[in-house]
Amino acid sequence: MNNTEIADIFDRIANLLEIKGEIIYKILAYRRAAESIRILSADLSGLSEKEILDVPGMGQAIAQKIQELLVTGKLDFLQQLENEVPPSLIELLKVQDLGPKKVALFWKQVGITTLAELEQAARADKLSSLPGMGSKSQAHILAGIKTLKQEKKRLPIDKALTIAEKWLEKLRGLKGLKQVEIAGSLRRWKPTIGDLDFVGSSDEPTAVMQDLLTLKGIQQVLSQGNNKTSVVTEDNLNLQLWLQPPKRFGSLLQFVTGSKEHNVRLREFALKQGLSLSERGFVDQKLKETLCPNDADVYRILGLPYIFPEMREDRGEIQAAIEHRMPDLVSIEDIRADLHVHTDWSDAHASLEDMVQAAINRGLKVLAITDHSAATNGVNGLNENRLKEQASEVQKLKEKYGQSITLLHGIEAEILEDGSLDLAENALAKLDIVVASLHEHLYQPRDVITARLVKAIRNPLVDIIAHPGGRELPRTNGADLNWEEVFQAAKEYQVALEINSNPVHLDLDEVHARSAGEFGVIISIDTDSHATHKFENLKFGVSVARRAWLNKQTVINTWPTEKITGWLKNRK
DNA sequence: GCCGTTTTCGGCCCGACTGTTTTCAGTCG
């Protein structure tokens, strides 16, 4: 049983306990344990009991359940729980505005156990007479079921950002709105986005909120108030606008940026200092307020260094801030090299020279041309002859643009089924840089595919492993790798693992990038551009590195040119 | 069920909005 399956079981337990009416703190404990397991890069099955207890959120009770699951593949506690509470009720929790209390009410009083039965009962007006219910609540349930059936999927960050920027422009046009910013998971640069959160400041919130509802592209109003209004947009996304007066804007921005779990931790920390924190600001024990116009004020008043939004996930960042051991995060301005781009020599749209010029225009100082090799399917990959031809073209461009940029000639070589590369050693040895990657046979058993990737890492000609997990969203989550072995080899052989900036890859993902960094593996953030405008994707790769707490120094793209070329030479 | 700058027991974030109520419960973020 793997980590994801175990995490899912703890979430399942939490849901069932909640419907059962168990105290909320026990439920939160299971949810925290599940999340903690999800972001764990080591396999639980490889950890000792003591190591499991060292994972945040793991105590005796949960550690024992993990052991039982690992050994037997089952959990007695869960089976008993499922005998008490029908597991089909969990589905009902997904209906908007339907929580554990009402689900339990419908189950116990009407005998509803499935979504279909719930819909039937609502249609037959069997719910409106129940305690705490009414005709509006019943109608909401029917609407919620309808929405659920439409299956709103989380959007990839690039698409969400485009839509959010469109709405940001619209919101800026609202009269009486002094400031407005994107908040929520988008401000944290989460790779997928569920809804759009905006925060604003105004001294006349009623008017602003009314104006909001007159904007074009609003399908439906979910709730409306002076502090918070929630709508559904034409993009079929939930959009929320939160408002506070300007002098409270910072605490509002901090709050709506989240994550929820980060806020809970931060508020607990504030309470230890006798301060109650909310989106309105701080209140001390004598009810004296301290207001925060900027979100940095919140952290400053707590005596903490600023915590960047990308780190606000309750993954140890508050403890790190308390101890003043914050990473020196990489930012987009630090990136001066792109070591993985394509041209129309293989499957890209732009010519060699176009890509070089685009890189120069973006201020890059080092660019590696790494077209596909012949063994990669359907990409017009280069064999040795064409690679040789390309080399002379690259040489011309090196001479033409050498003042502005250091050009490297390379390849993205295919890692074959047995871990070897698809070009002869002498051809690879002539190149400035070799990027290697997996595209085919991704579903080999864990041991086999790990050995295959490790073999490529040990190949002295290989400098970078591109998109190491091989994931391509939403088609595949990638290979089942033993990451510890991969990191060990990469560290030992000084091979860089890539964070691929293309939103369909974002691979390494933030969890593995973080543990790679902790392992001491060097990282390369590349765009894998197939067109000149795709250099824009760099911000997504950088966001993964920031969410992974990577120090600037571990990212080779921030290094001075001589250090990059020196690293490449020493590897040959 | 977890956890410790006050704690090995007694805490565990906080406010907004809706719909049901006549002061509040439920849900959400």
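I will try to describe carefully the structure that is included in this document. (Residues numbered from 1 in each chain as written. Chains lettered and ligands numbered in written order. Predicted model: local features only at pLDDT ≥ 70, side-chain atom pairs only at ≥ 80, totals over all residues. Heavy atoms only, no water.)

1. Comments concerning the overall build of chain A
Part 1 of the reasoning: Of the regular secondary structure elements, chain A holds 23 helices and 17 strands.
Part 2 of the reasoning: Against the globule reference of 25 Å for 572 residues, chain A gives a C-alpha radius of gyration of 27 Å, in line with a compact fold.
Part 3 of the reasoning: Long-range pairs, those at least 24 residues apart, make up 68% of the contacts in chain A between residues at least 6 apart in sequence.
Part 4 of the reasoning: Of the roughly 26,200 Å² that chain A leaves accessible, carbon and sulfur atoms contribute 49%.
Part 5 of the reasoning: The average position of the 71 basic charges and that of the 80 acidic charges among the side chains of chain A differ by 6 Å. (Helix = DSSP H or I, 4+ residues; strand = E, 2+ residues; numbered from the N terminus. Rg over C-alpha atoms; globule rule 2.2 N^0.38 Å. Contact = heavy atoms within 4.5 Å. Areas by Shrake-Rupley, 256 points an atom, 1.4 Å probe, with all protein chains shown as cover. Lys, Arg positive; Asp, Glu negative; His and termini not counted. Charge placed at Lys NZ, Arg CZ, Asp CG, Glu CD.)

2. Quick notes on the environment of Leu168
Part 1 of the reasoning: Mapped onto the elements of the fold, Leu168 is located in helix 9 (residues 157-172).
Part 2 of the reasoning: Note on Leu168: relative accessible area 10%, which makes it buried.
Part 3 of the reasoning: Residues Leu168 and Phe198, spaced 30 residues apart in sequence, show a C-alpha to C-alpha distance of 7.9 Å.
Part 4 of the reasoning: Once residues lying within four places of it in the same chain are set aside, the contact partners of Leu168 are Val180, Glu181, Ile182 and Phe198. (Buried < 20%, exposed > 50% of the residue type's maximum accessible area, 1.4 Å probe, protein only.)

3. Here's the deal with the protein's contact with DNA strand B
Part 1 of the reasoning: Of all residues adjacent to DNA strand B, which total 45 residues, the nearest are Gly59, Gly99, Gly134, Gln224 and Arg267.
Part 2 of the reasoning: When atoms of DNA strand B within 4 Å of the protein are split into backbone and base, the sugar-phosphate part holds 76%.
Part 3 of the reasoning: Within the side chain of Arg267, a nitrogen or oxygen atom sits 2.5 Å from a base oxygen of DNA strand B.
Part 4 of the reasoning: For the surface near DNA strand B, the element with the highest residue contribution is helix 13 (residues 260-272), accounting for five residues.
Part 5 of the reasoning: Of the residues belonging to the surface near DNA strand B, the class tally is 16 nonpolar, 18 polar and eleven charged. (Near = heavy atom within 4 Å. Polar contact = N/O pair within 3.5 Å; in protein donor to acceptor, adjacent residues only side chain to side chain. Nonpolar A, V, L, I, M, F, W, Y, C, P; charged D, E, K, R; others polar.)

Function-wise, these values are silent; they only describe arrangement.
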